[in-house]
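Structure assessment
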Amino acid sequence: MLLLAPPLFAFGLVYLASLVALLVSAFWSVDAFTTEIVHIWNVDNFRTLWDESAYRTIALRTIGIAAAVTVTDAVLAFPFAYFMARVAGPRRRALLFVLVLLPLWSSYLVRVYVWRLILNQDGVLNWALGKVGLPDAHIAYTNVAVWIVFSYVWLPFMILPVYGALERIPDSLLEASRDLGARGFLTLRKIVLPLALPGLVAGSIFTFSLTLGDYVTPLLAGGSSSQFIGNVVYSSVGVSNNVPFAAAFATVPLAVMAVYLLIARRLGAFEAM
Amino acid sequence: MRGIRRTRVLAAAVTAALCVPAAGVGSGQGLPTSIGKGEGQLNLIAWEGYTQPQWVKPFQKSTGCTVHAKYAGSSDEMVTLMRSGGGSQYDMVSASGDASLRLIYGKDVQPVNPALIPDYKNFIPALKSPPHNTVGGKHYGISLQWGPNTLLYNTAKVKSKPTSWAAIYDAKYKGKVTVPDNPIQIADAALYLSKAQAGLGIKDPYELNEKQFAAAVALLKKQKPLIKKYWALASDEIDLFKNGDAVIGASWPYQTNTLKAAKVPVADVIPKEGATGWADTWMLSAKAKHPNCAYKWMQWVSTPKVQAQQAISFGETPANLKACAWMDKLAKGTCAQYHANAPTAYFNSIRFWKTPVADCGNGKKDCMDYTKWQQAWTQLKG
């Protein structure tokens, strides 16, 4: 207990204190002319967030794309992780591990810029489409591009926990299922999926929260209607010097994540991590 | 509350510290009449490209002032940086007109004495006491360089040379238009409307009453479906034009030069409505710790050769008329290319960025201030 005290204290100071500071400053405001923070309690920031439809749109877009990215990654990761955990031999498994982790060795920014090169008007995608006689795709600088890039960059964070969950399923359960006459699909549905669910939920915490808090990908890959909550927070602080409003908007993803984590705990995600 | 009190104490301490030493440049008691010995350091907030080694190195060598530059990406960021850390962290900022008034009225910068800058007398008359850095006869800084926001287009895709800003609001270029991600873009819409809808009575694109402002924002809302991307960095726009994602848009001469150098078929034009533009000023922080080095810097960057170097390096027009000869010496033809010998008519065709304020001189204080511009821009992008 005594040994735990220093790290706990540091944790409390770094995480909780900054959260408290965030919540408190959300109830202050900024003088329009001098942009100095006015320390008078009010809920104007939250009222603006509620009244202005633009901020609702931005919040819903952020949550919507985060959800889409999570589902996409889950669908892509499951068969891949299943192959890694239960089909591939040790050598091939090691190779696949390296392949999954390889993108993480390069800079996040490089990977986003590479997608710009692939998707843009004169890029690799349209070049390839042209070769096979298909019309150009107009994906660059749209929310579809944002969705694709996010799904790509967060995929490893979904594969690893799902792999962990699948690997832990005892062979005896699958054999028992087969002995009792269940075919492959029924076994998948009744045995594998329920046991893999905590892994999927654990992975979804990563993909969902990472997307929810990001602002670089929407900035670089997004188009004229691609602002995320993070972009508004960033421009409120760095551009308009309006820290209270940024803090108020930052409480939205915080609340969303709190709800998400409560549901995740119910589904047993924390045991799979 | 404690935060405020501490800042005040700190501010008082800094002011006291500045008054005590027998420095040549003192702040707070009138303008200095001579420049003392350099303090050895100079902390700058600058646009990227404004502190290149080719003119910073000789400055450091001759004055002993070591330059520390922090690049800012936008005018708003410059204002925020100047106010961070109590305001004494940076000595100077290369503020554009849309930041300079905010800094003056926010008391973040102090008046300077142009008599201490020998090259000041060679500046084009319009930049000696421009309204964006001179208030009530006091000079809050020394003008540096200026340039227009141009209409950039791909000559292979846009067949006939556009002559009006109407081109960037034209549905014919749907999904191929790009404009800066900057609230001041509302002024570009207002400038176009001042000619296209004369009935609105827009005299100055930065002084808009509620009705005029609403009309400009409505035009930008109509433009939004045509926009491929609102560009934040010059390199973003260069990418868009290089890769065929945009064929027309609002730009700076810098992008045109870079794209031409990369053999992309582009040209730029100042349309018949005129153009918005920037005029930058080196401003001195109200709590500058190194005022002598700051004055030496203002002297240095105003000299014809340094003015010419910066103009060519960045692609803008120097304030110093004597820079023209140096520009042609450094790179033949650049004086005419960057309008350093331009007639006053060219200067007058540009409506320079300035901070929109509520009290816009019509006595009614009914203009939309910059906070409104920022809000409208955020909501427009949505």
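Chains are numbered independently. Their residues run from 1 in the order of the written sequence. Whichever chain is written first becomes A and whichever ligand is written first becomes 1, with later ones labelled in order. In keeping with the model being predicted, local features are shown solely for residues with a pLDDT of at least 70 and side-chain atom pairs are shown and tallied solely at 80 or more, while totals for entire chains, interfaces and linings include all residues.

Examining the overall build of chain A
Helix and strand assignments follow DSSP, with helices taken as H or I runs no shorter than four residues and strands as E runs no shorter than two, numbered in order from the N terminus. Along the backbone of chain A there are 13 helices and 2 strands. Oriented by its inertia axes, the alpha-carbon framework of chain A measures out at about 75 × 65 × 35 Å. Here a residue counts as buried when 20 or more other C-beta atoms sit within 10 Å of its C-beta, as exposed when there are 12 or fewer, and as partly exposed otherwise, the C-beta atoms being derived from the backbone. Looking at chain A residue by residue over its 273 residues, the buried ones come to 37%. We call two residues in contact if the C-beta atoms placed from their backbones are at most 7 Å apart. Put simply, 71% of the contacts in chain A that link residues at least 6 apart link residues at least 24 apart.

Quick look at the pairing of strand β7 (residues 142-148) of chain B
Residues and elements named next belong to chain B. The buried fraction of β7 amounts to 7 of the 7 residues, a majority that puts the element mostly inside the structure. Whether two strands pair comes down to DSSP finding at least two bridges between them. Two strands pair when backbone bridges link them, and β7 and strand β13 (residues 275-285) are joined in this way by 5 bridges, in the antiparallel orientation. Each bridged residue has a counterpart across the sheet, and for tryptophan 146 the counterpart in β13 is alanine 279.

As for the sheet that holds strand β11 (residues 248-251) of chain B
All names here are of chain B. Strand order in the open sheet made by the 5 strands is β10-β9-β11-β8-β12, with mixed pairing throughout. The open sheet is flanked by β10 (227-231) and β12 (266-269), the only strands paired with a single partner. Sheet twist, expressed as the mean angle between neighbouring strand axes with direction ignored, is 25°. Bridge analysis of strand β8 (residues 150-154) against β12 gives 4 bridges, and the strand direction is antiparallel. By the bridge assignment for β12, leucine 152 is matched with aspartate 268. Note on definitions: angles span 0 to 180 degrees between N-to-C directions of axes, and those axes are lines fitted to C-alpha atoms, for helices only across the stretch in contact.

Some remarks on the domain arrangement of chain B
Residue and element names in this part refer to chain B. Residue ranges labeled as domains rest on an automatic or database domain assignment. Domain annotation of chain B identifies domain 1 (2-140 + 280-332) and domain 2 (148-274 + 355-381). A straight line from the C-alpha centre of domain 1 to that of domain 2 covers 29 Å. Each side of the interface is counted separately: domain 1 has 7 residues, and domain 2 has 7 residues. Considered class by class, the residues forming the side of domain 1 that touches domain 2 number 2 nonpolar, 2 polar and 3 charged. When residues are grouped by polarity, Ala, Val, Leu, Ile, Met, Phe, Trp, Tyr, Cys and Pro land in nonpolar, Asp, Glu, Lys and Arg in charged, and all others, Gly among them, in polar.

Observations concerning the pairing of strand β1 (residues 41-47) of chain B
Residue and element names in this part refer to chain B. Across the 7 residues that make up β1, a large majority, 6, are buried. In the sheet, β1 pairs with strand β2 (residues 66-72) via 7 bridges, with the strands oriented parallel. The residue bridging leucine 42 from the neighbouring strand is valine 67, located in β2. By the criterion used throughout, a crossover qualifies as right-handed when its path from the first strand across the helix to the second strand runs clockwise, the strands pointing away from the viewer. One crossover worth recording links β1 to the parallel β2 by way of helix α2 (residues 53-63), and it is right-handed. As paired strands, β1 and strand β3 (residues 92-95) are joined by 2 bridges and run parallel to one another. Note that in β3 the partner of isoleucine 45 across the bridge is valine 93.

Side note on the interface of chain B and chain A
Listed as interface residues are 24 residues of chain B and, on the opposing side, 25 residues of chain A. Counting only elements with at least two residues in the side of chain B that touches chain A, the list comes to α3 (75-83), β10 and α14 (370-381) of chain B. Ranked by residue count, the leading element in the side of chain B that touches chain A is α14(B), at 5 residues. In terms of residue class, the side of chain B that touches chain A is made up of 4 nonpolar, 11 polar and 9 charged.

Considerations on the environment of B:Leu330
Residues and elements named next belong to chain B. Summarising the element assignment, leucine 330 is placed in helix α11 (residues 323-330). The exposure class assigned to leucine 330 is partly exposed, which follows from the 16 C-beta atoms found within 10 Å. Note: C-alpha distance between leucine 330 and glutamine 309 (21 residues apart in sequence) is 7.7 Å. Here leucine 330 is in contact with Ala308, Gln309 and Ile312, once residues within four sequence places are set aside.

What about the nonpolar core?
In terms of nonpolar packing, the biggest core is built from 97 residues, with B:Met92, B:Ile186, B:Ala190, B:Ala216, B:Ile248, B:Met283 and B:Ala294 touching the most fellow members. By residue number, the principal contributor to this core is helix α5 (residues 185-196) of chain B, which donates 7 residues. Each of domain 1 (2-140 + 280-332) and domain 2 (148-274 + 355-381) of chain B contributes no fewer than three residues to this core. Sequence-distant contacts of B:Met92, defined by excluding residues within four places in its chain, comprise B:Leu44, B:Trp282, B:Met283, B:Leu284, B:Ser285, B:Ala294 and B:Trp297. Core analysis: the next-biggest nonpolar cluster, separate from the first, contains 45 residues, A:Ala77, A:Val149, A:Met158 and A:Leu219 among them. Here a nonpolar core is just a set of buried residues of the types Ala, Val, Leu, Ile, Met, Phe, Trp, Tyr and Cys, joined wherever their C-beta atoms sit within 7 Å.

Quick notes on unusual backbone geometry
Residue and element names in this part refer to chain B. Located in the positive-phi region is lysine 263, a residue other than glycine, with phi close to 65°. Mapping lysine 263 onto the fold places it in the loop between α8 (253-261) and β12. Take lysine 263: there are 8 C-beta atoms within 10 Å of it, and that puts it in the exposed class. Here histidine 339, not a glycine, exhibits a phi torsion of approximately 60°, which is positive. Residue classification places histidine 339 among the buried residues on the basis of 20 C-beta atoms within 10 Å.

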